[in-house]
Amino acid sequence: VTVRAAVLAGVGSALPERAVDNVELAARLGVDTAWMESRTGIRARRIAAESESTTDLAVAAADRALAHAGGPAVSLVIVATTTPDRLCPATAPTVASRLGFAAAAFDVAAVCAGFIYALAAGAAFIEASLADGVLVIGADRFSAIVDPADVDTAPLFGDGAGAVVLRPGGPDDDGALHHFDLGSDGALADLIATAARTPAGSARAADPYLKMDGRATYRHAISRMTSSARAVLKSAGWSAGDVDHVVAHQANVRILKAVAQNLDVPFDRLAVNLERLGNTAAASIPLALDDLVGTGAVRPGQRVLLTAFGGGAAWGSAAFRWPRMTREVRST
Amino acid sequence: MRDAIFEWVNTRIAAIQPDSASLVSDSASIEDDLGFDSLEMVDLLTAAEAEFGIQIPDSRLRDIQTVGDLVAYIGSQATARRSE
């Protein structure tokens, strides 16, 4: 008998100040802005300053999520990231310390699906009574691994972080996290990949930058996000038409449109932040959740569906009802 | 069979790029001549997979270029499927 569930208690996000729009980027890459926008739906992205680390973004987002949740104690910090500031150690212990918590802390590596994997892990720790207050952070600084001269990837990615706070609660509370679908297919590992600094069989990586097969990624993203979303809807006992907000990983507006069409959900129920932020990897879903809170678009009791696909390939979905937060009005 | 496949490809091209319908021929490059971008090309190939019950591997996504390439590829896969 489940007597304890993880409940969403707060949301926060942080973005670098510098916005790079398509005009600036197109001039640098020698392509036109219409080409860039029609392929992706992206018009601008935030790029971290040289001194602004993934850890900095994670701490700032977490700080706001904690304020939103009313400042609870935290006994576990999970950071989903593909762009940690160091290969070793993990980012999460530093984030926990900077926030003043002597907490369990670890990173999750599931690329663009990382936030949903981390959310599932955080929820499971609470359900198992291994943690009480949990911070789940998606933070990425893809500008560190994207080739600034690559027309195929440079327009796509932006930097940012988003965080949620989970608290122990009752299984019937709004905001209780019960329904997840997680999966992977390592046969697709080359779709989106960055070499290790010293890969087996060579002294050092020939190319330190992210490589992506855009065509194959596009079709696998649509197919996997659709099937994973359907699986989690089935688990929750909802039909797609019941869902008030679909918060899908923000890679490309054409993927979002195709997933909405496959699920038969009106496009206006999908959260969209990619036109101004680009693909923020593990941060895209909590950034979009924070927009929903900030604009007042989401109300307690509404049905929310999260779904993501990314490198691995790894994918995941979650379904829950939006909770009444401790503070309805944002303090930041 | 080939005519039916060509007809289907023609119809799909017209649905995705209506202005290009009159330019369709076996030798027309779907991206260079008919104005498909790379993701519209993938949409067309995915639709063909669903329509004809075939699978186009990731490695072939780039080397199907002309209308004739696509019609021939669908024909060869659909034939292989029927004789299984």
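Coordinates for the structure precede this section.
Counting starts from 1 at the beginning of each chain's written sequence and moves along it residue by residue. Lettering for chains starts from A, numbering for ligands starts from 1, and both go in the order in which the items are written. Totals for whole chains, interfaces and linings use all residues, but because this is a predicted model, local features are given only for residues with pLDDT of at least 70 and pairs of side-chain atoms are given and counted only at 80 or more. Water and hydrogen atoms play no part in the side-chain values, which are based on all heavy atoms of the structure.

Draft legend 1. Seen up close, the overall build of chain A. Secondary structure elements are defined from DSSP: runs of H or I of at least 4 residues count as helices, runs of E of at least 2 residues count as strands, and each element is numbered from the N terminus. When helices and strands are tallied, chain A shows nine helices and 13 strands. Every radius of gyration here is taken over C-alpha atoms, with the globule rule written as 2.2 Å times N^0.38, N being the number of residues. For 332 residues, the compact-globule formula gives about 20 Å, and the C-alpha radius of gyration of chain A, at 19 Å, lands near that figure. Based on the C-alpha atoms only, the size of chain A along its principal axes is roughly 55 × 45 × 40 Å. Counting over 332 residues, chain A shows a buried share of 55%. Contacts in chain A between residues far apart in sequence, at least 24 positions, make up 77% of those at least 6 positions apart. Only the protein chains shown count as covering a residue, and every accessible area follows the Shrake-Rupley method with a 1.4 Å probe. Total accessible area computed for chain A in this model is approximately 13,300 Å², and 50% of it derives from carbon and sulfur atoms. With 30 positive and 34 negative side-chain charges, chain A shows a separation of 2 Å between the mean positions of the two kinds. Note on exposure labels: buried denotes an accessible area under 20% of the residue type's maximum, exposed denotes more than 50%, and partly exposed covers the range between, all computed with a 1.4 Å probe on protein chains only. By the convention used here, residues are in contact when the closest approach between their heavy atoms is within 4.5 Å. For the purpose of charge, His is not counted, nor are the chain termini; Lys and Arg are scored as positive and Asp and Glu as negative. A single reference atom marks each charge: NZ on Lys, CZ on Arg, CG on Asp, CD on Glu.

Draft legend 2. The arrangement of the side chain of D150 of chain A in detail. All names here are of chain A. As for its position among the elements, D150 is in the loop between β6 (134-141) and β7 (159-169). Despite its burial, D150 pairs with no opposite charge; the closest candidate is K211, at 5.1 Å N-O. A polar side-chain atom of D150 sits 3.0 Å from the main-chain amide nitrogen of D152. Any pair of nitrogen or oxygen atoms within 3.5 Å is treated as a polar contact; in protein, a donor-acceptor pairing is required on top of that, and neighbouring residues in sequence qualify only through side-chain atoms on both sides. Within polar-contact distance, the side chain of D150 engages the side chain of T153 at 2.9 Å. Any Lys or Arg side-chain nitrogen found within 4 Å of a carboxyl oxygen on Asp or Glu counts as a salt bridge.

Draft legend 3. Region of interest: the sheet that holds strand β5 (residues 104-108) of chain A. All names here are of chain A. Any two strands with at least two DSSP bridges between them are considered paired. Judged by pairing direction, the sheet is mixed, and its five strands sit side by side in the order β1-β7-β6-β4-β5 without closing on themselves. Strands at the two margins of the open sheet, each flanked by one partner only, are β1 (5-14) and β5. Taken pair by pair, the neighbouring strands of this sheet meet at an average axis angle of 20 degrees, ignoring direction. Those strands touched by helix α3 (residues 54-68) are β1, β6 and β7, and its axis lies near 125 degrees from that of β1. Sheet strands in contact with helix α5 (residues 114-127) are β1, β4 (76-80), β5, β6 and β7, and its direction is about 20 degrees off that of β7. Under this scheme, a helix contributes an axis fitted over its contacting stretch, all axes are lines through C-alpha atoms, and angles between N-to-C directions fall in the 0 to 180 degree range.

Draft legend 4. Main features of the nonpolar core. In terms of nonpolar packing, the biggest core is built from 75 residues, with V9, V67 and I74 of chain B touching the most fellow members. Per-element accounting of this core gives the leading share, nine residues, to helix α6 (residues 214-236) of chain A. Residues contacting V9 of chain B, with those up to four places away along its chain left out, are V67, L70, V71 and I74 of chain B. In this structure, A123, I126, L166 and A308 of chain A belong to the second largest nonpolar core, which totals 38 residues. Definition of nonpolar core: a set of buried residues of the types Ala, Val, Leu, Ile, Met, Phe, Trp, Tyr and Cys, connected through side-chain atoms within 4.5 Å.

Draft legend 5. Structural view of unusual backbone geometry. Residue and element names in this part refer to chain A. Of note, the bond from C88 into P89 is cis; its omega dihedral lies within 30 degrees of zero at 5 degrees. Examined against the element boundaries, P89 turns out to sit in the loop between β4 and α4 (92-98). Each neighbour pair has its own omega, and for G312 with A313 the value is -15 degrees, a cis peptide bond. With respect to the element layout, A313 can be found in the loop between β12 (303-310) and β13 (314-321). Of note, S129 is a non-glycine position whose phi angle comes to about 60 degrees, a positive value. Turning to its location among the elements, S129 is positioned in the loop between α5 and β6. Although it is not a glycine, D264 sits at a positive phi angle of roughly 65 degrees. The exposure class of D264 is exposed, given its relative accessible area of 65%.

Draft legend 6. Quick look at the layout of surface pockets. Residues and elements named next belong to chain A. Buriedness of a pocket was judged along seven lines, with at least five required to meet protein on both sides within 12 Å; pockets are open sets of points on a 1 Å grid over the protein atoms alone, cavities are sets where a 1.4 Å probe fits but cannot get out, and lining residues have an atom within 4 Å of a point. Grid points are joined across faces, edges and corners, and a volume is the space filled by probe spheres set on the points. Counted as a void, the largest pocket has a volume near 850 Å³. Every residue lining the largest pocket is counted, 30 residues in all, and those nearest its centre are T82, L87, I145, T194 and A195. Taken together, the elements giving at least two residues each to the lining of the largest pocket come down to β5 and β9 (192-193). For the lining of the largest pocket, the residue count by class is 19 nonpolar, six polar and five charged. Side-chain classes are defined by residue name, with Ala, Val, Leu, Ile, Met, Phe, Trp, Tyr, Cys and Pro counting as nonpolar, Asp, Glu, Lys and Arg as charged, and the others, Gly among them, as polar.

Draft legend 7. Highlighting the sheet that holds strand β8 (residues 179-184) of chain A. Residue and element names in this part refer to chain A. An order of β8-β13-β12-β11 is seen for the four strands of this open sheet, with the pairing classed as mixed. The open sheet has two edge strands with one neighbour each: β8 and β11 (245-248). Neighbour-to-neighbour, the strand axes of the sheet open up by a mean angle of 10 degrees, direction not taken into account. One ladder, built from four bridges, connects β11 with β12; its direction is parallel. Of the residues in β12, the one forming a bridge with H245 is V304. Packing against the sheet, α5 makes contact with β8, β12 and β13, and its axis sits at approximately 130 degrees to β8.

Draft legend 8. Inspection of the pattern of salt bridges at higher detail. Here the structure, examined in full by the defined rule, presents 14 salt bridges over all chains. The salt bridge partner of R219 of chain A is E49 of chain B, with a shortest N-O separation of 3.0 Å. Taken as a pair, R219 of chain A in helix α6 and E49 of chain B in helix α2 (residues 38-52) lie in two separate chains rather than in one. You'll find R219 of chain A and E49 of chain B in the same group, each marked buried.

Draft legend 9. Up close: the interface of chain A and chain B. Listed by partner, the interface residues are twelve residues for chain A and 15 residues for chain B. Buried area, as used here, totals the accessible surface that two parts lose on assembly, with accessibility defined by a 1.4 Å probe and the loss added over both. For the pair chain A and chain B, the summed buried surface comes to about 1,200 Å²; carbon and sulfur atoms form 45% of the total. Per-residue buried area on chain A facing chain B is highest for R215, Y218 and R219 of chain A; these three make up 63% of the total on that side. Here chain A and chain B share four salt bridges between them.

Draft legend 10. Geometry of the packing of α6 of chain A against helix α7 (residues 253-263) of chain A. Residue and element names in this part refer to chain A. In the contact formed by α6 and α7, the axes pass within 9 Å of each other and the chain directions differ by 40 degrees. As summarised for this structure, α6 and α7 are arranged oblique, according to the angle between their axes. Viewed along their axes, α6 and α7 form a crossing whose handedness is right-handed. Judged by residue contacts, Y218, A221, I222, M225, T226, A229 and R230 of α6 engage R254, I255, A258, V259, N262 and L263 from α7. A class-by-class count of the residues in the contact of α6 with α7 yields nine nonpolar, two polar and two charged. Any angle that is under 35 degrees is reported as roughly parallel, and any over 145 degrees as roughly antiparallel; angles of 65 to 115 degrees are reported as roughly perpendicular and all others as oblique. Helix crossings are classified by the rotation of the near helix relative to the far one: an anticlockwise turn of less than a right angle makes the crossing left-handed, while a clockwise turn makes it right-handed.

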